[in-house]
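Listed below, chain by chain, are the residues.
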Amino acid sequence: MSTEALEPNRRDFLVVAGNAFAAVGAASLLWPFIQQMNPDASTMALSSVEVDLAPVKEGQAITAMWRGKPIFIRSRTKAEVTSAVDVDVKNLPDGLARNENLPADDPATDANRTIKGHENWIVLIGICTHLGCIPKGQVMGDERGEFGGWFCPCHGSQYDTSGRIRKGPAPRNLEVPTYAFMTDTKIKIG
Amino acid sequence: MGGRTSNYVATTRWGKWLDERLPIGRVVKNQFIDYPTPRNLNYLWTFGGILSLILVGQIVTGVILAMHYQPSATGAFDSIEHIRRDVNYGWMIRNFHSVGASMFFFAVYVHIFRGFYYGSYKAPREVLWILGVLIMLLMMATAFMGYTLPWGQMSFWGVTVITNLFSALDTIINGLGTAIVEWLWGGYAVSGVTLNRFFSLHYLLPFVLTGVVVLHIWALHVVGQNNPTGLDLKEADDCIPMHPYATSKDAVGIFAFLLLYAWFVFFVPDYLGHADNYVEANPLVTPPHIVPEWYFLPFYAILRAFTSSFLGIPLGQYAKLCGVVAMFSAVVVIAFAPWLDTSRIRSAKYRPIFKWFFWFFLFTCVALGYLGSKPAEGVYVVASQIFTVCYFLFFLVAMPIVGIIETPRRLPRSISESVLGKGGGGLPSGAAAAPDVR
């Protein structure tokens, strides 16, 4: 056997190629083992729910369930709408609409948080964007925070009547889910 | 291990046969019977043995509980009540397990603070120390997933809050955090699917932990035990055989600890828990005040200290990310202690300045624990922020600087001198260095 370094021969090539194939094969086998933990087909299938708004009077709120998440639906009073419209978007901690029905970079005006013609209704995913608690403010007598919207009891995040974060550790506005008015008193979420 | 000469002699034919094939008796004799132990170990050194015992206890009671428990959103809560009321001695085994988790953390915190005080993290024990930090991380993950299993309100909302920590990554790459959280949950919210996988991992991790504990003990037996003087073993007089000396002292410590454990189990089993966890999980109602188990409170206080501003510095949308990073850093920074501490003197007994910083650090941790149990508002937030800064200053400023500016006290020449006084080193009257001397 020679002690000098030789040009790579056929055997070197086969060893490198064989090991590379084994490595790629092992790595790709990993994917199913990761993917099995993602939401399964039965969870994904629960895609939409319809909610009847007829019994909800002005100033009242109801909570619906969609994909295992609470959905806040509030019929806002005139004063609540006005206070939400009057806010200057520039002064908000999160200036984006966070509305699934609109492009991602739309500003967080009250108009962009609601649906045209139904501005008194606000529909939100009722999960605090800080660490996932359910904010208070759906039931009469709940603490609603300084801005009259929702107040998260876990770490003190405060949302206004448009569901926008105004104070506290939460980074984003409450999300507006994909939804549409089927009739004037019925919405379909998802 | 250690390269010491072995005085193990197999006496029977069967013993000789086994010794040539698997020298297990030799290892036990060398490492756990004749093993040279510093003669001056105090009761703080019994916590290693205490921790090993609790680990075994948690595994035994856990395996039994798994025989009666149902890991499903519909069955979990009821099956815990079934264990407590119907299963023979189920109440006792369940209490051993749930109180055992608290005792485990209590003992591990004593063990860690002992390491800080006597400088057990310093060379040559760096790997031993890092393995210890890894064990603490595994304990935290295991305890967190275990607390999910009763499927009460605190279980459910604890998991929701802690898994949501990963969504902080959304501020770096949009959508990454959400994808990770949904992957952890197996859905769009915490559900029975989440419970099921946490049960599987809660059963697995203690065995991983046991593996790391074996490495921890191995590393310990390579470098030898630290001791209250922090000196290396130099003379034959410095050490005594592990058995029966260290083992009998360990036994006293273990029985004292078991008294405390038993008092909790039999008299106040729910004292360390939360009443809210006896209400079944409800995804639509968050309890008014979510608090983790007591052993996570200091870290929880650090997480919550980062509100929209931190000591007047506005954080805006990065508040959540900062809180999460600080909380994880609070654990990770411990692993760097061997290199952050610049002093070559191990024991704080001979470090007049560091000693005060140690006690203040202990106070900081207790204060953070208290603040973690309080609502995140007003003066509590400011206090949490101040103590969070103190926590990190201990590692990043006090440890490096004190080591440079401090003049240590005069060290004894050896361990035996510190025990017997100057001119000692010979045997004091009535003391036996080895059991066969008497």
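Definitions and cut-offs
Residues numbered from 1 in each chain as written. Chains lettered and ligands numbered in written order. Predicted model: local features only at pLDDT ≥ 70, side-chain atom pairs only at ≥ 80, totals over all residues. Heavy atoms only, no water. Helix = DSSP H or I, 4+ residues; strand = E, 2+ residues; numbered from the N terminus. Rg over C-alpha atoms; globule rule 2.2 N^0.38 Å. Buried < 20%, exposed > 50% of the residue type's maximum accessible area, 1.4 Å probe, protein only. Contact = heavy atoms within 4.5 Å. Areas by Shrake-Rupley, 256 points an atom, 1.4 Å probe, with all protein chains shown as cover. Core = buried A, V, L, I, M, F, W, Y, C linked by side-chain atoms within 4.5 Å. Buried area = accessible area lost by both parts, 1.4 Å probe. Salt bridge = Lys/Arg side-chain N within 4 Å of Asp/Glu carboxyl O. Polar contact = N/O pair within 3.5 Å; in protein donor to acceptor, adjacent residues only side chain to side chain. Nonpolar A, V, L, I, M, F, W, Y, C, P; charged D, E, K, R; others polar. Pairing = 2+ DSSP bridges. Axes fitted to C-alpha atoms, helices over the stretch in contact; angles between N-to-C directions. Disulfide = S-S within 2.5 Å. Parallel < 35°, antiparallel > 145°, perpendicular 65-115°, else oblique. Left-handed = near helix turned anticlockwise from the far one by under 90°. Patch = residues over 30% accessible without salt bridge, like charges linked within 9 Å, V, L, I, M, F, W, Y side chains within 5 Å.

1. With respect to the overall build of chain B
Counting secondary structure elements, chain B contains 16 helices and four strands. Whereas a compact globule of 438 residues would reach a radius of gyration of roughly 22 Å, chain B reaches 24 Å, a difference of no more than 12%. For chain B, the spread of C-alpha atoms along the three principal axes comes to 70 × 60 × 40 Å. Out of the 438 residues in chain B, the part that is buried amounts to 51%. In chain B, 79% of the contacts between residues at least 6 apart in sequence involve partners at least 24 apart. About 20,700 Å² of surface is accessible on chain B, with carbon and sulfur atoms providing 70% of the total.

2. Observations concerning the nonpolar core
Residue and element names in this part refer to chain B. One finds Phe116, Tyr391 and Phe395 to be the most contacted residues of the largest nonpolar core, which totals 141 residues. In terms of residue count, the dominant contributor to this core is helix α5 (residues 90–117) (14 residues). Other than its neighbours up to four places away in sequence, Phe116 contacts Tyr121, Trp129, Ile334, Ala337, Phe354, Phe358, Phe361, Phe394, Phe395 and Met399.

3. What to know about the interface of chain B and chain A
Residue-level contacts link 32 residues of chain B with 28 residues of chain A. Counting the surface lost from both chain B and chain A, the interface buries some 2,600 Å², and carbon and sulfur atoms represent 62% of this. Applying the counting criterion to the chain B and chain A interface returns zero salt bridges. Linking chain B with chain A are eight residue pairs in polar contact (both at pLDDT 80 or more). Partitioning the side of chain B that touches chain A into residue classes produces 17 nonpolar, 10 polar and five charged.

4. Here's the deal with the sheet that holds strand β9 (residues 186–189) of chain A
Residues and elements named next belong to chain A. If you walk across this open sheet you meet the three strands as β1-β9-β8, and the pairing is antiparallel. Across the chains shown, the open sheet's two edge strands, defined by having one partner strand only, are β1 (49–52) and β8 (179–183). The mean inter-strand angle of the sheet, taken between neighbouring strand axes irrespective of direction, is 30 degrees. Bridge count for β1 against β9 is four bridges, and the pairing is antiparallel. Counterpart to Val49 in the pairing with β9 is Ile189.

5. Some details on the state of the cysteines
Residue and element names in this part refer to chain B. If you walk through the whole model with that rule in mind, you get one disulfide over all chains. Cys365 provides the cysteine sulfur closest to Cys390, a residue in no disulfide bond, and the two sulfurs are 10 Å apart. Cys390 gets classed as buried once you look at its relative accessible area, which sits at 17%.

6. Some details on the packing of helix α3 (residues 47–66) of chain B against helix α9 (residues 192–223) of chain B
Residues and elements named next belong to chain B. It is at 11 Å that the axes of α3 and α9 come closest, and there the two elements cross at 155 degrees. Taken together, α3 and α9 sit at an angle that is classed as roughly antiparallel. Remark: the crossing between α3 and α9 carries left-handed chirality. For the pair α3 and α9, the contacting residues are Leu55, Ile59, Val63 and Ala66 in the first and Phe199, Tyr203, Pro206, Phe207, Leu209, Thr210 and Val213 in the second. Taken together, the residues that form the contact of α3 with α9 break down as 10 nonpolar, one polar and no charged.

7. Considering the pattern of salt bridges
All names here are of chain B. Enumeration according to the criterion identifies 20 salt bridges over all chains in this entry. Measuring nitrogen to oxygen at the nearest pair gives 3.8 Å for the salt bridge that ties Glu20 to Arg21. For Glu20, a relative accessible area of 66% puts it in the exposed group. A salt bridge links Asp341 to Lys122, with the nearest nitrogen and oxygen atoms 3.3 Å apart. Taken as a pair, Asp341 in the loop between α13 (337–340) and α14 (352–372) and Lys122 in the loop between α5 and α6 (126–148) lie far apart in primary sequence, 219 residues in all. Across the pair, Lys122 and Asp341 agree in class, each one buried. Linked through salt bridges whose partners overlap, the residues forming this network are Lys122, Asp341, Arg351 and Glu406.

8. A look at a nonpolar patch on the surface
Residue and element names in this part refer to chain B. A cluster of nonpolar side chains, namely Leu311, Ile353, Phe357, Val382, Ile386, Val389, Leu393, Leu396, Val397, Ile401, Ile404 and Ile405, defines an oily patch on the protein surface of about 1,000 Å² accessible area. Counting only elements with at least two residues in the nonpolar patch, the list comes to α14 and α15 (379–405). With nine residues, α15 is the single largest residue contributor to the nonpolar patch. Counting through the fold element by element, Ile404 comes out in helix α15.

9. What about the pairing of strand β2 (residues 61–66) of chain A?
All names here are of chain A. Here β2 pairs with strand β3 (residues 69–75) via six bridges, running antiparallel. Paired with Met65 across the bridge in β3 is Pro70. As consecutive antiparallel partners, β2 and β3 are separated by two residues, and within that stretch Arg67 has a phi angle of approximately 50 degrees, a positive value.

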